[in-house]
Amino acid sequence: MRIHVLPESVAAQIAAGEVVERPASVVKELLENALDAGAQSIAIEVRQGGRRLIRVSDDGSGIPTDEVQVAFHRHSTNKITSASDLDAIQTLGFRGEALASIASVSQVTMVTRFAGEMAGTRVRIEGSHIVSSETVGAALGTVIAVENLFFNVPARLKFLRTKGTEKRHISSLVTRYAMAYPAVRFRLTHDGRLVFRSAGGSQLKEVLIDVYGLETARQMMEVGDSKTGDASRGTEHPAADVRVSGYTSAPALSRANRSHITLFVNGRWVQDQGLTFAVIQAYQTILMKGRYPVALIMVAVPPADVDVHVHPTKAEVRFREKRDVFSAVQRAVRRALVDSDDGRATRGESAAPGARSALASLQPVARFQAEMELPGAAAGQRLEPSQGSTESLQTIASEKAKLPLLRVVGQVGAAYIVAEGPGEIFLIDQHAAHERILYEQLMAQREEGLPTQTLLETAAVEVPPHEAALLEEHIGVLRRLGFMIEHFGGTTFTVRGMPALLGDVDPAAAIQGIADDLERGVGPMQKTIEKQIIMRVCQTAAVKAGQVLTQQELSAIVRRLEGSESPHTCPHGRPTMLHLSAEQLARQFGRR
Ligand code: ADP
Ligand code: MG
């Protein structure tokens, strides 16, 4: 065969291979076009996972009659004119390839009416060939229907996943764009059923509720310029003009994989390993190994500082100052975490004697009432997150902040409480749960100062010299928290009383634990040190694994946990419970 130039339609199909990988890629390109056209409302209609039909309707600018056909040519765009424009891209599209590529592998019908024109245009294109073009009456904006995707590329068709998979890809794409563009109204239907809608004209927080549901959204914390503020930007990173905003999950909310970390750079959804890692790293010591946050992070940089022209699908970007962007993201997320109430995390378990006294202080809140309500406990029903976020939702901890009413089944291994909720099983770590309860109790009481219990005998406690200085420095906080402690001199402290919660805990062990914590270091803020000490007190006071508890004690823990604000994690960020839904059980037993 002689060397020859391929016909345009073949070349277009080859190029399409890069841009149009699957139905979701078509949706992405069409969404981006609608957004570039200034749409305020975008409706996406999908049939059979997008193979049969993808129809995107927008109320954007529309396309002038005499430009409709050329829009389908390769490298035709109204977004850039010269190569130098590539350095300052403000739009999502700029390659002028999407419509041409899509039209080369499907049957496309476009109806569009430009803002300044009385009538609209309807064109039909099949595998790059224009079949018809006519003047029609039409609403302002553009409706583009892509039918029978890959009808002329059997090889591609074969590689398409099941309808369900394609549907999930599309939902997760649409919900992500809805979050990035809260002002725009999105509506997604699949086979005639409404899958997702956002109200438009709103704030990101409201769209988070549309996407993840109220309970999950409630556990998301704002990441914002106001928080990264000028103070923290300081002089270390004066160069980068990077702005970070968005939302990220509180420690109690996590997922089993990183797919719920969504990144937008200048309004463009990107998959960037480095930035994803920056978010994960911000959670170091806060989330357990193998757990990942839910995050939606928007990065804004001057267009000249980012190259979006790395990949045909524009899913990858290259930053001029990669490290600045990385650290800006990491610091912004970390700051949101530290500012949140649950943020501080430390490690280390101290062996301590029995904690019955702390347990005794738990009141079985409304126990009888709770148990009577149990059978019809509809209030405890799980909130299913909307379709967009269902992908790999192998959550162990439930996303709910609050627990349903639980029936205590018993204790196993002298360490765990087994409990039953409406259609689900909970396995609760008694120590972690008790720690969480005490923590919230003490945090609530700390303003008035914690009750003290005088020791029968004054105890002398020795600590290493460098820790003595720290203890001395923070002795005021300790006193406020219920320690009657004095600096005796040198490295010795005398203790005459301790927080009542600590009961018969050895004063030396308690004080030394606190001194160790102080030495390991916390931020300079007094509040944080106080919290650190409270955490230590809770850890010391909480029941330990290995303690056999009575049914009443088990119930007391569970009842209090039900009333807890963040029942799913201990103050250190570790989970207090594992959770098995009836559905998971049925699946495990092959009932489904
Ligand atoms: P690009 O988006 O890279 O410019 P496309 O092939 O996606 O290339 O689209 C070609 C052109 O068609 C766009 O530059 C734009 O002018 C026009 N266009 C496509 N979709 C729309 C739409 N929904 N509303 C208005 N104009 C559109
Ligand atoms: Mg485009």
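Look up a bit, the structure's there.
Residue numbers run consecutively from 1 along every chain, following the written order of its sequence. Chains and ligands are labelled sequentially in the order written, the chains with letters from A and the ligands with numbers from 1. Confidence filtering applies because this is a predicted model: local features only for residues at pLDDT of at least 70, side-chain atom pairs given and counted only at 80 or more, and all residues used for totals across whole chains, interfaces and linings. The side-chain quantities take in all heavy atoms of the structure and omit both hydrogens and water.

Please clarify how the pairing of strand β17 (residues 416-421) should be interpreted in this entry.
As a general feature of sheets, a regular strand has side chains that alternate between the two faces. With five bridges connecting them, strand β16 (residues 407-412) and β17 associate as antiparallel partners. The residue of β17 that forms the bridge with R407 is E420. Sheet topology places β17 next to strand β18 (residues 424-429); six bridges connect them, and they run antiparallel. Pairing of V418 across the sheet is with L427, part of β18. Paired strands, in this sense, are two strands between which DSSP finds at least two bridges. Secondary structure counts use DSSP, requiring at least four H or I residues in a row for a helix and at least two E residues in a row for a strand, with both numbered from the N terminus.

Got a minute to help me understand unusual backbone geometry in this structure?
Apart from glycine, the bulk of residues carry a negative phi angle, and the bulk of peptide bonds sit in the trans form. At D191, a position not held by glycine, the phi torsion is positive, near 50°. Tracing the chain through its elements places D191 in the loop between β7 (185-190) and β8 (193-197). Its relative accessible area of 33% is what places D191 among the partly exposed residues. You will see that N266, though not glycine, has its phi angle at about 50°, which is positive. Relative to the elements of secondary structure, N266 occurs in the loop between β11 (261-265) and β12 (268-270). Any residue under 20% of the maximum accessible area for its type is buried, any over 50% is exposed, and the rest in between are partly exposed; the area is computed with a 1.4 Å probe on protein chains only. You can call N266 partly exposed: its relative accessible area is 30%.

Got a minute to help me understand the sheet that holds strand β20 (residues 484-489) in this structure?
Consider a sheet: its strands pair through backbone hydrogen bonds, and that pairing is either parallel or antiparallel. The three strands lie next to each other as β19-β21-β20, forming an open sheet whose pairing is antiparallel. Each edge of the sheet is formed by a strand with only one pairing partner; in this case those strands are β19 (452-462) and β20. Looking at each pair of strands side by side, their axes are set apart by 15° on average, direction ignored. In terms of strand pairing, β19 meets strand β21 (residues 492-499) through seven bridges, oriented antiparallel. For T452, the partnering residue across the bridge sits in β21 and is P499. Here, two residues are considered to be in contact whenever any of their heavy atoms come within 4.5 Å of each other. Axis definition: a line fitted to C-alpha atoms, limited for helices to the stretch in contact. Angles are taken between N-to-C directions and run from 0 to 180 degrees. Helix α17 (residues 507-520) rests against β19, β20 and β21 of the sheet, and its axis sits at about 70° to β19.

Please explain the nonpolar core as it appears in this structure.
A general feature of soluble globular proteins is that nonpolar side chains tend to end up buried together. For our purposes a nonpolar core is just a set of buried Ala, Val, Leu, Ile, Met, Phe, Trp, Tyr and Cys residues, chained together by side-chain atoms within 4.5 Å. Membership of the largest hydrophobic core comes to 62 residues, with the highest contact counts inside it found for I42, I44 and F186. In contact with F186, not counting residues within four places along its chain, are L31, L35, I42, I44, V174, Y177, A178, Y181, F196, R197 and S198. The next biggest cluster of nonpolar side chains, apart from the first, holds 36 residues, and it includes A250, V270, V301 and A328.

Please clarify how the site of ligand 1 should be interpreted in this entry.
Lining the immediate surroundings of ligand 1 are 19 residues, of which D58, T77, K79, G96 and L99 lie closest. A distance of 2.9 Å is found between an oxygen atom of ligand 1 and a backbone nitrogen or oxygen belonging to F94. Any pair of N or O atoms that falls within 3.5 Å is considered a polar contact. Within protein, one atom must be able to donate a hydrogen and the other to accept it, and sequence-neighbouring residues count only if both atoms are side-chain atoms. A98 is positioned with one of its backbone polar atoms (N or O) 3.2 Å from an oxygen atom of ligand 1. In the complex, 93% of the free accessible area of ligand 1, which totals 530 Å², lies under the protein chains. Taken together, the residues that form the shell around ligand 1 break down as six nonpolar, nine polar and four charged. Definition of nearness: a residue and a molecule or strand are near each other if at least one heavy atom of the residue lies within 4 Å of the molecule or strand. For the area figures, the Shrake-Rupley method with a 1.4 Å probe applies, and any residue is considered shielded solely by the protein chains shown. Asp, Glu, Lys and Arg are counted as charged, while Ala, Val, Leu, Ile, Met, Phe, Trp, Tyr, Cys and Pro are counted as nonpolar; the rest, among them Gly, fall into the polar class.

In short, geometric facts, not functional conclusions.
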